[in-house]
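If you want the building blocks of each chain, they are given just below.
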Amino acid sequence: MGFEISTVVSKLQTLSTSDHASVVSMNLFVALLCGCIVLGHLLEENRWMNESITALLIGVCTGIVILLFSGGKSSHILVFSEDLFFIYLLPPIIFNAGFQVKKKQFFVNFMTIMLFGAIGTLISCTIITLGATQIFKRLDVGPLELGDFLAIGAIFAATDSVCTLQVLNQDETPLLYSLVFGEGVVNDATSVVLFNAIQSFDLNQIDPSIAGHFLGNFLYLFIASTMLGVLTGLLSAYIIKKLYIGRHSTDREVALMMLMAYLSYMLAELSYLSGILTVFFCGIVMSHYTWHNVTESSRITTKHSFATLSFVAEIFIFLYVGMDALDIEKWKFVSDSPGTSVATSSVLLGLILLGRAAFVFPLSFLSNLAKKSPNEKISFRQQVIIWWAGLMRGAVSIALAYNQFTMSGHTSLRSNAIMITSTITVVLFSTVVFGLLTKPLIRLLLPHTPHHKESSITIITDPSTPSLKSVTIPLLGSAQESEVDIDGHDIHRPSSIRALLTTPTHTVHRLWRKFDDAFMRPVFGGRGFVPVEPGSPTERNGHQWR
């Protein structure tokens, strides 16, 4: 009996110690997050730094301190978890990107964005895969199979859209911001879809039809993920419009929007689809319909809540990655051959540079062929900035690498350890070096940005988008093809197939607006539906717009 009591007491003491360690770790991590926010604010006007690089460097420095205090045993207070990243941290970032996106600028540049984000990712993945297959065998990296090389292509084709957007300014470079932003989101989704598609095939039995199956699976995942996000967003709009939940509680409106957005992501993951694409398009639909169906107080609450959650998650990711980069367990396996690890990282960086150049410049040329006016075309200097700004790799690459080359965060194979450490090296180098040099490169290539041809834009407030500030609408077209013109009736209507092909964006936009006004908004609400805030003079007078 005494033995059993002592055993229980011992277990309770162990549990208490474990809980205390977790509390200490979380306190330290929250303190570091606060430090990142304060330091990021102080460096706001710095021409070199941004908050992602600041958080990454703070994470690395903290890892070094922990490594010294632990006697070289550990460098982190939390272990990087793929599930934590994909299930909890990534959804609010991608959803807010869709929720805050200026829909008109996104869809005006949609064809170019899709060229870069989808076709460009496939080209980059192919080049990285072929290059790694040929070079890694000579470097004696280890026994890597065809599936590993294909996975490497998908891993390093994923750009870091979070860091990319922090080094571009929407007011100074609106066109670049629009293109790189849209490409980054589509690129991340494409890389994850591509990665999942690779894993779903048995690559040991290759036959001529596998390419067709692969393409079909890829298109299915892409289209199904997008439709799931759209349907979930429409469902939330319909429920809130019909029930008008804000009549009794604005808290319920906000909670329902948040939960249904997260539900769309989890449904996609449960259905083996791309949660990134699903939650992104769910955000777009919610901002177009659902956001206009709630009360004014809920609108203010939701736009700031989503932005805050996304902001904290971004800093958390970079801080997390910075500390985990010095995990001693990963580096022990490559300590006997540091030259191989350095060579592998260098080759991957070279392939990333080559892979991105292989699609940015040719696809920009194709995009320019469809542009009638010279002012509409993407200049060579802009192409260089688009190429450079998309070279950064981040947490998506690390998470995919963990998925492919580790089990539960650990690896005991030399080849896998080399790939993990090389991925971390590429992420740190590309984020810091490429990130630091992006702003100076923009100033060098576009020294007079406010007077540059790209600045032929119209600054308006888009009431259909829950933006946190005035909206700057960048277009590929000139000033006379502004947002106001698109919404008006002064645009020349295409009289032939050729004319239609030269102005497809304007035509599609006009047709969509007619369809939206006639069929979608009467059912799902949106701009024009004005719910009455409880207790407002409008409600007392009995007026309500439907």
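Bear in mind that the values here come from a model prediction, so they are computed numbers and not experimental data. (Residues numbered from 1 in each chain as written. Predicted model: local features only at pLDDT ≥ 70, side-chain atom pairs only at ≥ 80, totals over all residues. Heavy atoms only, no water.)

S.K.: Please explain unusual backbone geometry as it appears in this structure.
M.R.: What is expected of a backbone is that most residues other than glycine have negative phi and most peptide bonds are trans. For Y244, which is not a glycine, the phi torsion comes out positive at approximately 45°. With respect to the helices and strands, Y244 occurs in the loop between α9 (210-243) and α10 (250-270). Using a relative accessible area of 1% as the deciding quantity, one classes Y244 as buried. For Y272, which is not glycine, the phi torsion reads 60° and is therefore positive. Structurally, Y272 is set in the loop between α10 and α11 (275-293). (Helix = DSSP H or I, 4+ residues; strand = E, 2+ residues; numbered from the N terminus. Buried < 20%, exposed > 50% of the residue type's maximum accessible area, 1.4 Å probe, protein only.)

S.K.: What should I look at first to understand the pattern of salt bridges in this one?
M.R.: Under the criterion given, the structure shown has 4 salt bridges. Taking the shortest distance from any N to any O, the salt bridge between R521 and D516 comes out at 3.2 Å. Accessibility classification places R521 together with D516 in one group, the buried group. Each of D516, D517 and R521 takes part in a single network of salt bridges with overlapping partners. (Salt bridge = Lys/Arg side-chain N within 4 Å of Asp/Glu carboxyl O.)

S.K.: Can you walk me through the side chain of T302 in this structure?
M.R.: When you line up the elements, T302 lands in helix α12 (residues 296-324). Non-local contacts of T302, meaning those with residues more than four positions away in its chain, are made with F99, V254, M257 and W291. (Contact = heavy atoms within 4.5 Å.)

S.K.: Got a minute to help me understand the confidence of the model for the protein chain in this structure?
M.R.: This prediction gives the protein chain a mean pLDDT of 76; 75% of its residues lie at or above 70. Long-range and interchain partners of residues 469-494, a stretch whose pLDDT sits below 50, account for 68 contacts in this model, where long-range means more than four residues apart. (pLDDT = per-residue confidence, 0-100.)

S.K.: Would you explain the nonpolar core in this entry?
M.R.: One recurring pattern in soluble globular proteins: nonpolar side chains tend to sit buried together. Judged by nonpolar contacts, the single largest core of 126 residues is most densely connected at F136, I152, F156, F280 and M419. The element contributing the most residues to this core is helix α8 (residues 174-199), with 15 residues. Counting the residues that make up this core, at least three belong to each of domain 1 (1-46) and domain 2 (81-445). Non-local contacts of I152, meaning those with residues more than four positions away in its chain, are made with I128, A132, F136, L144, L348, F405 and M419. Counting residues in each nonpolar core, the second largest holds 6 residues, with A237, Y289, M520 and F524 among its members. (Core = buried A, V, L, I, M, F, W, Y, C linked by side-chain atoms within 4.5 Å. Domains from an automatic or database assignment.)

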